[in-house]
Amino acid sequence: MRLCTAAAVVLLALTGCTTGPSLEDRGEVTAPPGDSRHLTIGSAGFTESDLLAQMYAQLLNQAGYRTSLITVANRELYEPALESGQIDVVPEYAATFADWLNAKTNGPDAPPVGSPDLASTMKALRGLATPRGLTVLDPGRAVDQNAFAVTAAYARQHHLRTLSDLGASGLKVRLAAGDECVQRPYCEPGLKKVYGIDITGIDPKGVGTTQAKRAVQSGQDQMVLTTTTDATLDQFGLVLLADDRHLQNADYIVPVVNRARAGSERVTKALGRLNEVLTTADLAAMNQQVDSWRRLAQDVARTYLQDKGLLK
């Protein structure tokens with residue numbers, strides 16, 4: 001397996017990419033699904049994306065493909081490279097990618113197409129991806145959504161298990177999050193509208209950052225915006241409150257492939273094996289091994305696949 005890490009080389013290569021089918025050809029898919037022997041797997045450069053890319057590569061290697069891994073942290077760069085075939089496979093998040101493609105296709109003011117409903121989100125995503133020469137494979141069980149955490153002591157004291165419980169409690173809540181939370185419909189506005197939570201202010205410390213978690217741990221803030229695969233909550237004495245009214249979008253993990261190079265049934269079958277086993281909790285545990293235990297993503301991915309019987 002060859003790993004490409006030189007950022008300058010990556011950026012120079014990708015800025016020369018074409019961007020898939022021409023506008024007049026979009027909407028028509030005429031080429032048969034391709035089956036290139038050498039596939040390039042893209043990662044967005046954060047731990048979870050690295051782990052998923054490593055698992056994809058190892059499963060494809062076992063299926064007889066030669067693979068290379070490349071890291072491109074900017075979706076504005078790696079998505080056109082995926083369309084052009086310089087990248088063949090990437091792990092993506094269904095609702096987020098659907099909304100990104102929708103804005104790219106229909107303009108930044110286009111109404112969102114991602115939603116908490118997985119079926120409608122996937123339908124919209126595939127409708128946007130197909131004209132660009134992309135195939136979105138089936139999602140599994142693993143999902144990485146926005147999530148909200150409080151201290152375990154605070155949850156016990158106020159009998160909180162869900163965000164509905166917090167809304168019904170009438171407690172005033174200062175939320176540690178990114179400053180964009182004030183406007184995002186799935187953050188402060190959604191917490192108020194859907195759950196009736198009394199958000200008194202946003203402490204702009206970022207999404208799931210150590211600083212944000214420490215603010216909640218110390219009592220400076222009452223709740224932190226993080227993600228469902230955050231592996232460090234225990235270290236700060238934090239617990240997630242369940243999104244019981246499904247405010248968050250269906251950001252299930254989906255492989256997205258270049259149809260002309262990696263659209264074959266063999267690729268689909270190889271990557272689909274992960275859907276049978278991978279859960280949100282599994283991803284959180286693997287993230288922890290990399291972020292907290294300093295293990296290599298490649299090794300963590302291999303051990304997981306072997307433990308699940310997916311890798312010899």
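## Some remarks on the nonpolar core
Okay, so step 1: In this structure, Ile41, Met55, Leu60, Leu274 and Leu278 are the most contacted members of the largest nonpolar core, which totals 35 residues.
Okay, so step 2: For this core, the elements supplying multiple residues, two or more each, are strand 2 (38-43), helix 2 (47-62), strand 4 (89-93), strand 11 (253-258), helix 11 (265-272), helix 12 (280-291) and helix 13 (297-307).
Okay, so step 3: Looking at this core element by element, the count peaks at eight residues for helix 2.
Okay, so step 4: Those residues in contact with Ile41, other than ones at most four positions away along the chain, are Ala53, Tyr56, Ala57, Leu60, Thr67, Ser68, Leu69, Ile70 and Val89.
Okay, so step 5: If you look at the next biggest cluster of nonpolar residues, it comprises 22 residues, including Phe148, Leu160, Ala177 and Ile199.

## With respect to helix 11
Okay, so step 1: Turning to helix 11, its buried residues are Val267, Ala270 and Leu271. The arc that holds the buried residues of helix 11, viewed along the axis, is 90°, so those residues lie on one side. Among the exposed residues of helix 11, those oriented more than 90 degrees off its buried face are Glu265 and Lys269.
Okay, so step 2: Looking at the buried residues of helix 11, the elements they touch are strand 2, helix 2, strand 4, strand 11 and helix 10 (259-262).

## Description of the pattern of salt bridges
Okay, so step 1: Taken as a whole and judged by the stated rule, the model has 14 salt bridges.
Okay, so step 2: A salt bridge links Lys104 to Glu83; the nearest nitrogen and oxygen atoms lie 3.4 Å apart. Taken together, the residues span a long stretch of sequence, with Lys104 in helix 4 (residues 94-106) and Glu83 in helix 3 (residues 75-84) at a distance of 21 residues.
Okay, so step 3: Using a relative accessible area of 33% as the deciding quantity, one classes Lys104 as partly exposed.
Okay, so step 4: What makes Glu83 buried here is its relative accessible area of 5%.
Okay, so step 5: As a salt-bridge pair, Lys213 and Asp230 come within 2.7 Å of each other at their nearest N and O atoms. One end of the pair, Lys213, is in helix 9 (residues 210-217); the other, Asp230, is in the loop between strand 9 (223-227) and strand 10 (238-241), with 17 residues separating them in the sequence. Side by side, Lys213 and Asp230 carry an identical accessibility label, which is buried.

## Quick notes on the sheet that holds strand 8 (residues 198-204)
Okay, so step 1: Reading across from one edge, 8-7-9-6-10 is the order of the five strands in this open sheet, with mixed pairing throughout. Pairing within the sheet leaves two strands with one partner each, and these edge strands are strand 8 and strand 10. Between one strand axis and the next, the sheet turns through 40° on average, direction left out of account.
Okay, so step 2: Here six bridges tie strand 7 (residues 172-177) to strand 8, and the two strands are oriented parallel to one another. Residue Ala176 lies in a different strand from strand 8, and its bridge partner there is Asp203.

## Let's talk about the pairing of strand 11
Okay, so step 1: Most of strand 11 is tucked away, with six of its six residues classed as buried.
Okay, so step 2: Burial of the side chains of strand 11 extends over both faces: Ile253, Pro255 and Val257 are buried on one face and Val254, Val256 and Asn258 on the other.
Okay, so step 3: As paired elements, strand 4 and strand 11 share five bridges and run antiparallel to each other. Within the sheet, the bridge partner assigned to Val89 lies in strand 11 and is Val257.
Okay, so step 4: Bridging between strand 5 (residues 134-136) and strand 11 involves three bridges; their strand directions are antiparallel. If you follow Leu134 over to strand 11, its bridge partner there is Asn258.

## A few points about the confidence of the model for the chain
Okay, so step 1: Averaged over every residue, the pLDDT of the chain is 91; residues scoring 70 or more account for 90%.
Okay, so step 2: Every residue in residues 1-28 scores below 50 in pLDDT, and together they form 43 contacts with partners more than four places removed in sequence or on other chains.

## Re the packing of helix 12 against helix 13
In a packed pair of helices, the relevant descriptors are the angle between the two axes and the axis-to-axis distance.
Okay, so step 1: Where helix 12 meets helix 13, the axes come as close as 9 Å, and the angle between the chain directions of the two elements is 145°. Read as a crossing pair, helix 12 and helix 13 show a hand that is right-handed. Across the interface between the two elements, Asp282, Met286, Gln289 and Val290 from helix 12 touch Ala297, Val300 and Tyr304 from helix 13.
Okay, so step 2: Considered class by class, the residues forming the contact of helix 12 with helix 13 number five nonpolar, one polar and one charged.

## What about the packing of helix 2 against helix 11?
Okay, so step 1: Direction vectors running N to C along helix 2 and helix 11 enclose 125°, while the axes themselves pass 9 Å from each other. Comparing their axes, helix 11 and helix 2 come out oblique. In this structure, helix 2 crosses over helix 11, and the sense of that crossing is right-handed. Residues Tyr56, Leu59 and Leu60 of helix 2 touch helix 11, and the partners they reach there are Val267, Ala270 and Leu271.

## A short note on the state of the cysteines
Okay, so step 1: For the structure shown, the criterion picks out one disulfide.
Okay, so step 2: Here Cys181 is linked by a disulfide to Cys187, with a sulfur-sulfur distance of 1.8 Å. In this structure the cystine formed by Cys181 and Cys187 twists about its S-S bond by roughly -85°; its chirality is therefore left-handed.

## Focus: the packing of aromatic side chains
Okay, so step 1: Counting across every chain of the model gives one aromatic pair.
Okay, so step 2: With a centroid separation of 6.4 Å and 10° between ring planes, the pair formed by Phe97 and Trp100 is classed as stacked. Taken as a pair, Phe97 and Trp100 lie in helix 4 at a separation of three residues, close to a single helical turn. The residues Phe97 and Trp100 share a single accessibility class, namely buried.
Okay, so step 3: Here Arg37 stacks its cationic end above the ring of Tyr65, 6.0 Å away from the centre of that ring.

What counts and how
Residues numbered from 1 in each chain as written. Predicted model: local features only at pLDDT ≥ 70, side-chain atom pairs only at ≥ 80, totals over all residues. Heavy atoms only, no water. Core = buried A, V, L, I, M, F, W, Y, C linked by side-chain atoms within 4.5 Å. Buried < 20%, exposed > 50% of the residue type's maximum accessible area, 1.4 Å probe, protein only. Helix = DSSP H or I, 4+ residues; strand = E, 2+ residues; numbered from the N terminus. Contact = heavy atoms within 4.5 Å. Arc of directions from axis to C-beta. Salt bridge = Lys/Arg side-chain N within 4 Å of Asp/Glu carboxyl O. Pairing = 2+ DSSP bridges. Axes fitted to C-alpha atoms, helices over the stretch in contact; angles between N-to-C directions. pLDDT = per-residue confidence, 0-100. Left-handed = near helix turned anticlockwise from the far one by under 90°. Nonpolar A, V, L, I, M, F, W, Y, C, P; charged D, E, K, R; others polar. Parallel < 35°, antiparallel > 145°, perpendicular 65-115°, else oblique. Disulfide = S-S within 2.5 Å. Phe/Tyr/Trp six-rings, centres within 6.5 Å; stacked < 30°, edge-to-face > 60°. Lys NZ or Arg CZ within 6 Å of the ring centre and 35° of its normal.

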